[in-house]
Amino acid sequence: MRALLSPQSGDHTTLQLRDVPEPIPGPGEVRVEVEAVGINYPDVLIIQDLYQFRPQRPFAPGAEFAGRIDAVGEGVDRFRVGQRVLGGSGWGGLADKVVLPADRCFAIPDSMPADEAAAFLMTYGTSQHALKDRGRIQSGDRLLVLGAAGGVGLAAVELGKAYKAQVIAAVSTAEKAEVARERGADATIIYPSGPLDSAEAKAFTAEIRKIAPDGVNIVYDGVGGDYAEPALRSMAWDGRYLVVGFPAGIPRLPLNLPLLKGCSIVGVFWGAFINHASAQHEANVAELISLYEAGRIKPLVSERFPLERGGEAIARLQTRSVIGKVVVTL
Ligand SMILES: NC(=O)c1ccc[n+]([C@@H]2O[C@H](COP(=O)([O-])OP(=O)(O)OC[C@H]3O[C@@H](n4cnc5c(N)ncnc54)[C@H](OP(=O)(O)O)[C@@H]3O)[C@@H](O)[C@H]2O)c1
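Predicted model, so just to flag it, every value in this text is computed and none were measured.

1. Considering the domain arrangement of the protein
Phase 1: Structurally, the protein comprises domain 1 (2–120 + 299–329) and domain 2 (123–270).
Phase 2: Domain 1 and domain 2 are separated by 28 Å when their C-alpha centres are compared.
Phase 3: Contact residues are listed per partner, giving nine residues for domain 1 and 12 residues for domain 2.

Here you go:
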């Protein structure tokens with residue numbers, strides 16, 4: 001079978017398509033014949049040894065995927081061969097077949113095509129865990145989403161609306177703002193795409209305040225960098241600042257701000273949450289699938305690449321040019 005492997009640390013150009021033996025599922029595991037792989041920013045990081053997890057090389061990136069169960073290991077009664085599933089194992093997806101624990105797979109409704117299923121779990125799972133479990137989102141909350149047309153950002157916009165929040169989407173281009181609006185954002189802000197000087201940072205806070213004069217209750221920050229402090233300055237009393245990711249860099253924040261605003265800065269680590277609270281994770285995924293079936297959330301797959309061009313798909317995220325999700329189809 002084919003696998004797009006990372007034989008050494010480096011960017012997408014270091015990936016190599018190779019023939020490898022088919023993996024055999026062990027006890028409690030299943031093998032999935034992969035039909036589509038959702039690309040996420042962690043794929044950019046993991047091949048450069050910049051992610052929280054460092055798999056042994058050579059490994060195939062690709063944290064989440066959809067396909068059909070192709071073989072089941074001993075003791076697996078949850079799935080049968082031929083069943084359509086989506087799943088996530090952190091890496092390994094950019095290959096014809098992947099083995100993972102059965103409890104990391106979920107049955108796909110008939111109405112869900114493989115490319116949408118492959119672009120579902122990590123973005124919606126992260127944003128749901130952030131907003132609901134960590135952000136205690138309530139109906140009527142004012143929610144600011146940074147990077148609102150990216151993978152986790154657009155999922156946060158849709159879920160924010162599903163949880164009946166007022167959603168303010170902040171993005172770097174007019175095209176991204178339009179997409180966030182189409183997906184339900186009540187208001188949009190376009191921030192500069194380069195580093196922010198102090199006047200631009202103040203202007204960003206002022207724009208948020210213009211839309212939410214009493215401040216925002218939740219900031220969903222999957223961007224970091226220079227955008228974090230002006231967003232924190234726009235928070236309402238007792239707000240929750242959700243730390244999700246740092247494609248623009250890891251920010252340093254003045255700690256007098258959470259004191260003055262009586263707000264919390266809350267870490268979100270979905271990959272660890274699913275290990276710490278597997279029953280809650282299963283219930284969360286069931287809720288997400290119901291929301292999908294009700295038409296409340298739907299991955300926006302904007303580009304598709306074949307496996308041999310999987311490196312280009314990863315590069316698209318690195319160059320900040322993706323709207324919604326890119327997917328590799330096999
Ligand atoms: N905490 C968790 O559990 C968890 C889980 C999954 C992902 N993440 C993290 O969440 C972040 C977003 O992941 P994603 O898959 O949604 O990525 P994505 O689709 O590429 O979206 C990232 C967004 O960040 C913004 N951005 C700002 N500066 C950027 C830069 N220098 N390079 C690239 N993008 C930049 C872009 O929006 P604008 O152009 O509009 O600014 C872009 O749409 C990543 O840091 C990822 O590691 C965290």
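Okay, back to it.
2. Some words on the environment of Trp237
Phase 1: Positionally, Trp237 belongs in strand 12 (residues 235–243).
Phase 2: Take Trp237: there are 11 C-beta atoms within 10 Å of it, and that puts it in the exposed class.
Phase 3: When the C-alpha atoms of Trp237 and Gly160 are compared, they prove to be 19 Å apart, with 77 residues separating the residues in sequence.

3. Side note on the nonpolar core
Phase 1: Of all hydrophobic cores here, the largest spans 104 residues; its most connected members are Leu144, Val145, Ala148, Ala169 and Tyr220.
Phase 2: The greatest single-element share of this core, amounting to six residues, is contributed by helix 4 (residues 151–162).
Phase 3: Beyond its immediate chain neighbours, meaning those up to four positions away, Val145 contacts Gly153, Ala156, Val157, Gly160, Val167, Ala169, Ala170 and Tyr220.

4. Points about the pairing of strand 12
Phase 1: Sheet topology places strand 11 (residues 216–221) next to strand 12; five bridges connect them, and they run parallel. In the sheet register, Ile218 faces strand 12, and the bridge partner there is Arg240.
Phase 2: The pairing of strand 12 with strand 13 (residues 264–267) spans four bridges and is parallel. Looking at the pairing, Tyr241 lines up with Ile265 of strand 13.

5. Brief notes about the site of the ligand
Phase 1: Taken together, 28 residues are adjacent to the ligand, and Tyr41, Gly147, Gly150, Gly151 and Gly245 come closest.
Phase 2: Every element with two or more residues in the shell around the ligand is listed here: helix 1 (41–46), helix 3 (121–134), helix 4 and helix 9 (270–276).
Phase 3: Counting residues per element, the shell around the ligand draws most heavily on helix 4, at three residues.
Phase 4: For the shell around the ligand, the class distribution of residues is 16 nonpolar, 10 polar and two charged.
Phase 5: Counting contributing residues, the shell around the ligand receives three or more from each of domain 1 (2–120 + 299–329) and domain 2 (123–270).

6. Considerations on unusual backbone geometry
Phase 1: Note that the residue after Arg57, namely Pro58, is joined by a cis bond; omega there is -5 degrees.
Phase 2: Looking at the element boundaries, Pro58 is found in the loop between helix 1 and strand 4 (64–72).
Phase 3: Residues other than glycine seldom take positive phi values, yet Asp238 does so here, at roughly 65 degrees.
Phase 4: As for its position among the elements, Asp238 is in strand 12.
Phase 5: Note on Asp238: 11 C-beta atoms within 10 Å, which makes it exposed.

7. Some words on the packing of helix 3 against helix 4
Phase 1: Packing of helix 3 against helix 4 brings their axes to within 8 Å, and their N-to-C directions diverge by 55 degrees. The angle between the axes of helix 3 and helix 4 places the two elements in the oblique class. At the point where helix 3 passes helix 4, the crossing takes the right-handed sense. Residues Thr123, Tyr124, Thr126, Ser127, Gln128 and Leu131 of helix 3 pack against Gly151, Val152, Ala155, Ala156, Leu159 and Gly160 of helix 4.
Phase 2: For the contact of helix 3 with helix 4, the per-class residue count stands at six nonpolar, six polar and no charged.

Rules behind the numbers
- Residues numbered from 1 in each chain as written.
- Predicted model: local features only at pLDDT ≥ 70, side-chain atom pairs only at ≥ 80, totals over all residues.
- Domains from an automatic or database assignment.
- Contact = placed C-beta atoms within 7 Å.
- Helix = DSSP H or I, 4+ residues; strand = E, 2+ residues; numbered from the N terminus.
- Buried ≥ 20, exposed ≤ 12 C-beta atoms within 10 Å, placed from the backbone.
- Core = buried A, V, L, I, M, F, W, Y, C linked by C-beta atoms within 7 Å.
- Pairing = 2+ DSSP bridges.
- Near = placed C-beta within 6 Å.
- Nonpolar A, V, L, I, M, F, W, Y, C, P; charged D, E, K, R; others polar.
- Axes fitted to C-alpha atoms, helices over the stretch in contact; angles between N-to-C directions.
- Parallel < 35°, antiparallel > 145°, perpendicular 65-115°, else oblique.
- Left-handed = near helix turned anticlockwise from the far one by under 90°.

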